[in-house]
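Below, each chain spelled out in residue letters.
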Amino acid sequence: VHIAGRRSSFECLSWIIEKNKINLLTGKEIFDLSLPGKGLWTPLHLSINCYRFKETLFILNNFVKDINIMFLNKNGKTPKNVSNGNYLMTKLLKIY
């Protein structure tokens, strides 16, 4: 999931949505896009930091209720902080 957000894998993120729908119906474990990885970076941190606008928008639209956009990584930075002042990313985060 983290690699999908970082490497611009929109197809992978779409697959995760479909897989989660099936897993919810069958009582299986779902992919959690709010789980932090190395350095406590979430998929949202990674997609924003790598300027993956399409993936960031997809994560926010599909997982907004599951994601804490104020989550701090190990350096104490929120997803907005790691946007490095990118206007589009900062504007997008203000919506959510």
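Predicted model, so just to flag it, every value in this text is computed and none were measured.

**A closer look at the overall build of the protein**
Counting secondary structure elements, the protein contains 5 helices and 0 strands. Scanning the protein from its N terminus toward the C terminus, one meets helices and strands in the order α-α-α-α-α. In terms of overall dimensions, the protein is globule-like: its C-alpha atoms have a radius of gyration of 13 Å, near the 12 Å expected for 96 residues. Dimensions of the protein, computed from C-alpha atoms along their principal axes, come out at roughly 40 × 25 × 25 Å. Here the protein holds 96 residues, and 33% of them are scored as buried. Surface accessibility of the protein: about 6100 Å² in total, with carbon and sulfur atoms responsible for 57%.

**Some remarks on the layout of surface pockets**
In this structure, the largest pocket occupies an estimated 220 Å³ of space. Along its surface, the largest pocket is lined by Ile17, Asn20, Lys21, Leu24, Ile30, Phe31, Asp32, Leu33, Asn62, Phe63, Lys65 and Asp66. Every element with two or more residues in the lining of the largest pocket is listed here: helix 2 (10-26) and helix 4 (53-63). For the lining of the largest pocket, the element with the highest residue contribution is helix 2, accounting for 4 residues. Considering only residue class, the lining of the largest pocket consists of 6 nonpolar, 2 polar and 4 charged.

**Examining the confidence of the model for the protein**
When pLDDT is averaged across the protein, the result is 87; 93% of the residues are at 70 or more. Across the protein, helix 3 (residues 43-49) holds the top mean pLDDT of 90, while helix 1 (residues 2-6) sits lowest at 66.

**Description of the packing of helix 4 against helix 5 (residues 87-95)**
Each packed pair of helices is defined by two parameters, the angle between the axes and the distance between the axes. At a minimum axis separation of 11 Å, helix 4 and helix 5 run at an interaxial angle of 10°. Taken together, the axes of helix 4 and helix 5 are roughly parallel relative to one another. Contact residues: helix 4 offers Phe53, Thr56, Leu57 and Leu60, while helix 5 offers Leu88, Met89, Leu92 and Leu93. Residues of the contact of helix 4 with helix 5, tallied by class, amount to 7 nonpolar, 1 polar and no charged.

**Here's the deal with unusual backbone geometry**
We note that leucine 40 has phi near 60°; this positive angle belongs to a residue other than glycine. Assignment of secondary structure puts leucine 40 in the loop between helix 2 and helix 3. The residue asparagine 84 is not glycine, and still its phi comes out positive at about 55°. Note that asparagine 84 resides in the loop between helix 4 and helix 5.

Calculation criteria
- Residues numbered from 1 in each chain as written.
- Predicted model: local features only at pLDDT ≥ 70, side-chain atom pairs only at ≥ 80, totals over all residues.
- Heavy atoms only, no water.
- Helix = DSSP H or I, 4+ residues; strand = E, 2+ residues; numbered from the N terminus.
- Rg over C-alpha atoms; globule rule 2.2 N^0.38 Å.
- Buried < 20%, exposed > 50% of the residue type's maximum accessible area, 1.4 Å probe, protein only.
- Areas by Shrake-Rupley, 256 points an atom, 1.4 Å probe, with all protein chains shown as cover.
- 1 Å grid on protein atoms, 1.4 Å probe; cavity = no way out; pocket = protein on both sides within 12 Å on 5 of 7 lines; lining within 4 Å.
- Points joined across faces, edges and corners; volume = space filled by probe spheres on them.
- Nonpolar A, V, L, I, M, F, W, Y, C, P; charged D, E, K, R; others polar.
- pLDDT = per-residue confidence, 0-100.
- Axes fitted to C-alpha atoms, helices over the stretch in contact; angles between N-to-C directions.
- Parallel < 35°, antiparallel > 145°, perpendicular 65-115°, else oblique.
- Contact = heavy atoms within 4.5 Å.

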